[in-house]
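# Fold and geometry: a report
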Amino acid sequence: MMPGPKLDRIDLKILAKLQQAGRVTNVELADAVGLSPSPCLTRVKRLEQAGYITGYGAHLNLGKLGEFLTVFTEVTLSEHRRGDFSRFESRIVKLDEIVECHLVSGGYDYLLKFVTRGVSHYQSIIEGMLESDYGIEKYFSYVVIKSPFIKHHFPIQSLFGNTV
């Protein structure tokens, strides 16, 4: 991935504010980062065009919609050639219930996050993956009992604030 334009502390403030309040008006955003509205909007558009901002959306409270189950799953592939990883990733991206996929180092290959209607729904998805050609050797499931908090934002200032 090609790096975009160099960011300064104001760009980082804009990114931090937008990820926490994507519906903020340009005037409110400009005030929060210490700019007038026109240069603030110019910066936001530049950040969007450079790919730093990839979209805007709403955070949903799934519990209000009904019962659901979150499961983290460790997956180890049978084979470890480049094509095996590519095949696995191209197949699981099509499963809507897998909302995160991470290739990790350590004792297994992938950490997946599933959101399903319940245990039987999760099990039917896993069984389908095992019966199809996903290349899974083994998996371990971790059912989430409670999520005390879920942050939908990254600590932009502490990650990158000292680099500008």
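Please read all numbers here as calculations on a predicted model, not as lab measurements.

Calculation notes
Residues numbered from 1 in each chain as written. Predicted model: local features only at pLDDT ≥ 70, side-chain atom pairs only at ≥ 80, totals over all residues. Heavy atoms only, no water. Helix = DSSP H or I, 4+ residues; strand = E, 2+ residues; numbered from the N terminus. Rg over C-alpha atoms; globule rule 2.2 N^0.38 Å. Buried < 20%, exposed > 50% of the residue type's maximum accessible area, 1.4 Å probe, protein only. Contact = heavy atoms within 4.5 Å. Areas by Shrake-Rupley, 256 points an atom, 1.4 Å probe, with all protein chains shown as cover. Lys, Arg positive; Asp, Glu negative; His and termini not counted. Charge placed at Lys NZ, Arg CZ, Asp CG, Glu CD. Expected span 1.5 Å × (residues − 1). Arc of directions from axis to C-beta. Axes fitted to C-alpha atoms, helices over the stretch in contact; angles between N-to-C directions. Parallel < 35°, antiparallel > 145°, perpendicular 65-115°, else oblique. Left-handed = near helix turned anticlockwise from the far one by under 90°.

This part covers the overall build of the protein. A tally of regular secondary structure across the protein gives seven helices and four strands. What you see in the protein, going N to C, is helices and strands ordered as α-α-α-α-β-α-β-β-α-β-α. Against the 2.2 N^0.38 benchmark of 15 Å for 164 residues, the protein shows a C-alpha radius of gyration of 20 Å, more extended than a compact globule. In terms of principal-axis extent, the alpha carbons of the protein reach across some 60 × 40 × 25 Å. Burial statistics for the protein: of 164 residues in total, 29% are counted as buried. A fraction of 65% describes how many contacts in the protein between residues 6 or more apart in sequence connect residues 24 or more apart. Accessible area of the protein: about 11,400 Å², with a carbon and sulfur share of 55%. Taking the average location of the 19 positive side-chain charges in the protein and that of its 18 negative ones, the two points are 9 Å from each other.

As a further point, take helix α6 (residues 119-131). Between its terminal C-alpha atoms α6 stretches 18 Å, which fits the 18 Å expected from 13 residues at 1.5 Å a residue. Within α6, burial applies to His121, Tyr122, Ile125, Ile126 and Met129. The buried residues of α6 occupy one face: seen down the axis, they fall within an arc of 135°. Turned more than 90 degrees away from the buried face of α6 sit Val119, Ser120 and Glu131, all of them exposed. Those residues of α6 that are buried lie in contact with β1 (69-77), α5 (82-92), β2 (98-103), β3 (110-116) and β4 (136-143).

As a further point, take the packing of helix α1 (residues 9-20) against helix α2 (residues 26-33). The geometry of α1 relative to α2 is characterised by a closest axis approach of 10 Å and an angle of 130° between their N-to-C directions. Here α1 is positioned oblique relative to α2, judged by the angle of their axes. Every pair of crossing elements has a handedness; the one defined by α1 and α2 is right-handed. On α2, the residues that touch Ile10, Lys13, Ile14, Lys17 and Leu18 of α1 are Leu29, Ala32 and Val33.

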